[in-house]
Amino acid sequence: MILPKKRDPRFITIRRGGLLEDGTHRALAIWAADCAQHVLRFFDEYKPDDDRPRRALALARAWTRGEATMRECHNAAFASNAAGRDAPPAARFAALAAGQAVAVAHVAAHELGAAAYAIRAAREAAPPGQGDAAARAEREWQWEQLTDEIRDLVLDDQKLRNALCWNVFVD
């Protein structure tokens with residue numbers, strides 16, 4: 001379970017009584033999609049004809065432009081997750097990263113799931129003995145993609161939920 005039992009109001013939209021503004025919500029979704037996109041090749045190499053994770057990321061980006069509904073994104077998350085069900089670990093985690101990224105439209109706190117699964121995909125895809133280095137490199141790449149608007153929020157969230165996310169954010 002990547003989501004905490006008690007939801008952080010910083011990841012709940014203002015419309016639902018939280019603190020999250022729409023622009024920040026969209027920025028989280030874009031960053032999550034970027035994280036998942038960065039490892040999508042691991043799924044594509046395994047199953048190039050299955051476009052569910054790619055479609056999920058396209059929908060996530062479309063949602064940020066107001067061109068897709070939350071319901072479409074929600075359904076795409078399930079489809080992307082299903083695409084990875086029987087895949088080898090790197091491909092499975094890449095599909096799950098895409099599923100988490102598109103789910104940000106529905107629940108902003110899924111942003112961390114996309115990043116965590118992407119790190120796990122990179123670790124699994126690495127040659128023997130190089131998994132930890134690959135995971136660190138992926139995490140550092142993700143940090144470089146953070147915009148000023150979401151940097152502090154995401155980094156704080158990583159510290160708070162590191163244990164829920166397989167300790168991939170803090171060594």
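Above: the structure in question.
If you had to explain the side chain of threonine 24 to someone new, which residues and values would you point to?
Mapped onto the elements of the fold, threonine 24 is located in helix H1 (residues 22-46). In this structure the side chain of threonine 24 is engaged in a polar contact, spanning 3.2 Å, whose partner is the side chain of glutamate 149. Once you skip the residues sitting within four places of it in the chain, threonine 24 turns out to touch Glu149, Ile150 and Leu153.

Lay out the pattern of salt bridges in plain terms, naming residues and giving numbers.
This structure, assessed with the given rule, holds 11 salt bridges. Two residues, arginine 54 and aspartate 44, come together in a salt bridge whose shortest N-O distance is 3.0 Å. Taken together, the residues arginine 54 in helix H2 (residues 52-64) and aspartate 44 in helix H1 connect sequence positions 10 residues apart. For arginine 54, a relative accessible area of 32% corresponds to the partly exposed category. Residues arginine 55 and aspartate 51 are paired through a salt bridge, measuring 2.7 Å at the closest nitrogen-oxygen approach. Residue classification places arginine 55 among the partly exposed positions, given a relative accessible area of 45%.

Quick one: what's the story with the packing of H1 against H2, residue by residue and with numbers?
The interhelical angle for the contact between H1 and H2, taken along N-to-C directions, is 165 degrees, at an axis separation of 9 Å. Here H1 lies roughly antiparallel to H2, going by the angle between them. At the point where H1 passes H2, the crossing takes the left-handed sense. Across from His25, Arg26, Ala29, Ile30, Ala33, Asp34, Ala36, Gln37, Leu40, Phe43 and Asp44 in H1, the residues of H2 making contact are Pro53, Arg54, Leu57, Ala60, Arg61, Trp63 and Thr64. Within the contact of H1 with H2, the residues separate by chemical class into 10 nonpolar, 3 polar and 5 charged.

A description of the packing of aromatic side chains should follow, citing residues and the corresponding values.
Counting across every chain of the model gives 3 aromatic pairs. Each ring, one from phenylalanine 93 and one from tyrosine 117, has its centre 6.0 Å from the other, and the planes form 25 degrees; the classification is stacked. You can see phenylalanine 93 sitting in helix H4 (residues 89-103) and its partner tyrosine 117 sitting in helix H5 (residues 111-125), a full 24 residues away along the chain. Given a relative accessible area of 5%, phenylalanine 93 falls into the buried group. Taking the centre distance of 5.0 Å and the plane angle of 50 degrees together, the rings of tyrosine 117 and tryptophan 166 count as tilted. On the criterion of sequence distance, the pair formed by tyrosine 117 in helix H5 and tryptophan 166 in the segment after helix H7 (151-161) is long-range, its members being 49 residues apart. Over the aromatic face of phenylalanine 93 sits the side chain of arginine 92, whose NZ or CZ is 4.9 Å from the ring centroid. Over the ring of tryptophan 166 we find arginine 120, and its NZ or CZ is 4.3 Å from the ring centre.

Outline H5, listing residues and values.
Taking 1.5 Å of rise per residue, the 15 residues of H5 would be expected to cover 21 Å, and the 22 Å separating its terminal C-alpha atoms lies within 8% of that figure. Judged by how many residues are buried, H5 sits mostly within the fold: 11 of 15 residues are covered. Among the residues of H5, Glu111, Leu112, Gly113, Ala114, Ala115, Ala116, Tyr117, Ala118, Ile119, Ala121 and Ala122 are the ones counted as buried. The inward-facing, buried residues of H5 contact H1, H4, helix H6 (131-145) and H7.

An account of the nonpolar core is requested, with residue identities and associated values reported.
In terms of nonpolar packing, the biggest core is built from 58 residues, with Leu28, Trp31, Phe43, Leu57, Val102, Ile150 and Phe169 touching the most fellow members. Taken together, the elements giving at least two residues each to this core come down to H1, H2, helix H3 (70-83), H4, H5 and H7. Top element by residues in this core is H1. It accounts for 12 residues.

Thresholds, definitions, all that
Residues numbered from 1 in each chain as written. Predicted model: local features only at pLDDT ≥ 70, side-chain atom pairs only at ≥ 80, totals over all residues. Heavy atoms only, no water. Helix = DSSP H or I, 4+ residues; strand = E, 2+ residues; numbered from the N terminus. Polar contact = N/O pair within 3.5 Å; in protein donor to acceptor, adjacent residues only side chain to side chain. Contact = heavy atoms within 4.5 Å. Salt bridge = Lys/Arg side-chain N within 4 Å of Asp/Glu carboxyl O. Buried < 20%, exposed > 50% of the residue type's maximum accessible area, 1.4 Å probe, protein only. Axes fitted to C-alpha atoms, helices over the stretch in contact; angles between N-to-C directions. Parallel < 35°, antiparallel > 145°, perpendicular 65-115°, else oblique. Left-handed = near helix turned anticlockwise from the far one by under 90°. Nonpolar A, V, L, I, M, F, W, Y, C, P; charged D, E, K, R; others polar. Phe/Tyr/Trp six-rings, centres within 6.5 Å; stacked < 30°, edge-to-face > 60°. Lys NZ or Arg CZ within 6 Å of the ring centre and 35° of its normal. Expected span 1.5 Å × (residues − 1). Core = buried A, V, L, I, M, F, W, Y, C linked by side-chain atoms within 4.5 Å.

Function cannot be read off these values alone, since they describe shape.
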